[in-house]
Amino acid sequence: MNPPIVEFEHFSFVLEGHMLLSDISLSIDPGEFVSIIGPNGAGKTTLLKCLERIHHTSHTGIRIAGKSLAAYSQRELARVVSYVPQADGVLPLFTVAEFIMMGRYPYLSPCTPPGKHDKAVVAEVLELTGTAQFSRRHLATLSGGERQRVFIAAALAQEARILLLDEPDVFLDPCHQSEIHGLLSRINRERGVTVLLITHDINLAALISGRILALKKGSLVYWGDPEGLMQEDVLFDIYGKPFVFVKHPSIGKNVVVTDAPC
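Any two side chains of opposite charge can pair, on the condition that their charged atoms come close. The tally for this structure, following the rule as stated, stands at eight salt bridges. In this structure, the salt-bridge partner of Glu-7 is Arg-63, at a minimum N-O distance of 3.8 Å. Placement of the pair is Glu-7 in strand E1 (residues 6–15) and Arg-63 in strand E4 (residues 62–64), with a sequence separation of 56 residues. Owing to a relative accessible area of 35%, Arg-63 belongs among the partly exposed residues under this scheme. Put simply, Glu-32 and Arg-211 hold a salt bridge, and the shortest N to O gap is 2.6 Å. Here Glu-32, found in the loop between strand E2 (18–28) and strand E3 (33–37), pairs with Arg-211, found in strand E9 (residues 211–216); they are 179 residues apart in sequence, far enough to count as distant. Residue classification places Arg-211 among the partly exposed residues on the basis of a relative accessible area of 23%.

Below is the structure:
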């Protein structure tokens, strides 16, 4: 039996004297699709940055693929975990193909050009993400939805087993949001990549995920299936406000409808 792909065991994280994550314990199986939800400031981005080792800490209490996170070299970690951060408006001065090839960095050295396998991987993810059609364009010429697909393609070029995404659909219109959600589901389903997705869309989390992780003030307040999340008392405990539910017309599951302001 394969070990969990991600494990937190009583993990806490303190930055500049502030406890940002407190006593997190859970395990994620290979190939799961997990959404991470919670109010602003709950520690969602911090959790992903600890997994990616962007935040410097001892990382005791985190295991990746059965191995302590602290035991990985940065190159080894990049072959297992890839990360798509929040969009910040800063665009590198590269073409799409060049940028995606940079995702092969865990396998390349500064003095060695990309080989046949590197080029084949980039060609594959260009097709998978629908970015081949504008592979020669510069990132600055792309729409927001196109750029997000390129960032996901670069993460996939790492051939990592775990894909971390921090609100990849923010600022996108509904059509492009749907494209990104469909792409992530396909990557998870067809390639077996474990996906950890931060989102503020409760309905999306309930409809797209196998399990949901909810944080509040740095603590784990829910870890379970979507059906268990979509209950009035559970969501009130997470967000401190009541929600209105209706049954989804196609699948009959609870979904949240927009209600009056808090």
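To continue, consider the domain arrangement of the protein. Under the domain assignment, the protein is made up of domain 1 (6–80 + 160–258) and domain 2 (95–158). Just the C-alpha atoms count here: the centres of domain 1 and domain 2 sit 25 Å apart. The interface of domain 1 with domain 2 comprises 17 residues on the first partner and 16 residues on the second. Across the interface of domain 1 and domain 2, roughly 1500 Å² is buried in total on both sides, 61% from carbon and sulfur atoms. Where domain 1 touches domain 2, the interface holds one salt bridge. Glu-124 is paired through a salt bridge with Arg-191; the nearest N and O atoms lie 3.2 Å apart. Counting residues per element, the ones that place at least two in the side of domain 1 that touches domain 2 are helix H2 (74–78), strand E7 (162–166) and helix H6 (174–191). With eight residues, the single largest contributor to the side of domain 1 that touches domain 2 is H6.

Once that is clear, we can look at the packing of helix H5 (residues 144–156) against H6. Remark: H5 packs on H6, axes separated minimally by 9 Å, with the N-to-C direction vectors making an angle of 15°. Considering their axes alone, H5 and H6 lie roughly parallel with respect to each other. Viewed along their axes, H5 and H6 form a crossing whose handedness is right-handed. For the pair H5 and H6, the contacting residues are Gly-145, Gln-148, Arg-149, Ile-152 and Leu-156 in the first and His-176, Glu-179, Ile-180, Leu-183, Leu-184 and Ile-187 in the second.

Turning to the sheet that holds E1, a few remarks are in order. Taken in spatial order, the four strands make up an open sheet running E2-E1-E4-E5, and their pairing is antiparallel. Here the strands that pair on one side only, and so sit at the sheet edges, are E2 and strand E5 (67–68). As paired elements, E4 and E5 share two bridges and run antiparallel to each other. Bridge assignment links Arg-63 to a residue of E5, and that residue is Ser-68.

This part is about the nonpolar core. Ile-100, Ile-152 and Leu-184 are the most contacted members of the largest nonpolar core, which has 34 residues in total. Residue assignment for this core shows that the elements contributing at least two residues are helix H3 (96–101), helix H4 (116–128), H5, E7, H6, strand E8 (194–198) and helix H7 (202–208). Each of two domains, domain 1 (6–80 + 160–258) and domain 2 (95–158), supplies a minimum of three residues to this core. In terms of nonpolar packing, the next biggest core, distinct from the first, is built from 30 residues, Val-6, Leu-48, Leu-77 and Leu-196 among them.

Its 13 residues give H5 an end-to-end C-alpha distance of 18 Å, which sits within 8% of 18 Å, the value for a rise of 1.5 Å per residue. Along H5, 11 of the 13 residues are buried, which leaves the element largely enclosed by surrounding structure. Among all positions in H5, only Gly-145, Glu-146, Gln-148, Arg-149, Val-150, Phe-151, Ile-152, Ala-153, Ala-154, Ala-155 and Leu-156 are buried. Structurally, H5 contributes buried residues whose contacts are with strand E6 (81–84), H3, H4, E7 and H6.

Cut-offs applied
- One numbering rule holds for all chains: residues counted from 1, following each sequence as written.
- With the structure being a predicted model, the display of local features is reserved for residues of pLDDT at least 70 and the display and counting of side-chain atom pairs for 80 or more, all residues being used for whole-chain, interface and lining totals.
- Heavy atoms from the whole structure form the basis of all side-chain values; hydrogens and water molecules are not counted.
- Salt bridges are defined as contacts in which a side-chain nitrogen from Lys or Arg sits within 4 Å of a carboxyl oxygen from Asp or Glu.
- By definition, any uninterrupted DSSP run of H or I lasting at least four residues is a helix, any uninterrupted run of E lasting at least two residues is a strand, and each is numbered from the N terminus.
- Only protein chains enter the accessibility calculation, which uses a 1.4 Å probe; a residue whose area is less than 20% of its type maximum is buried, one above 50% is exposed, and one in between is partly exposed.
- What marks off one domain from the next here is an automatic or database domain assignment.
- We call two residues in contact whenever any of their non-hydrogen atoms come within 4.5 Å of each other.
- Defined in terms of a 1.4 Å probe, buried area is the accessible area two parts forfeit on being brought together, summed over both.
- In this analysis an axis means a line fitted to C-alpha atoms, helices contributing only their contacting stretch, and an angle means the value between N-to-C directions, from 0 to 180 degrees.
- In these notes the angle categories are as follows: under 35 degrees is roughly parallel, over 145 is roughly antiparallel, 65 to 115 is roughly perpendicular, and the rest is oblique.
- Put simply, a crossing is left-handed when the front helix is turned counterclockwise from the back one by less than a right angle, and right-handed when it is turned clockwise.
- Between any two strands, pairing holds if DSSP finds at least two bridges.
- Nonpolar cores were defined as sets of buried Ala, Val, Leu, Ile, Met, Phe, Trp, Tyr and Cys residues, with membership established by side-chain atoms within 4.5 Å.
- In this analysis, the expected span of each helix is defined as 1.5 Å times one less than the number of residues it contains.

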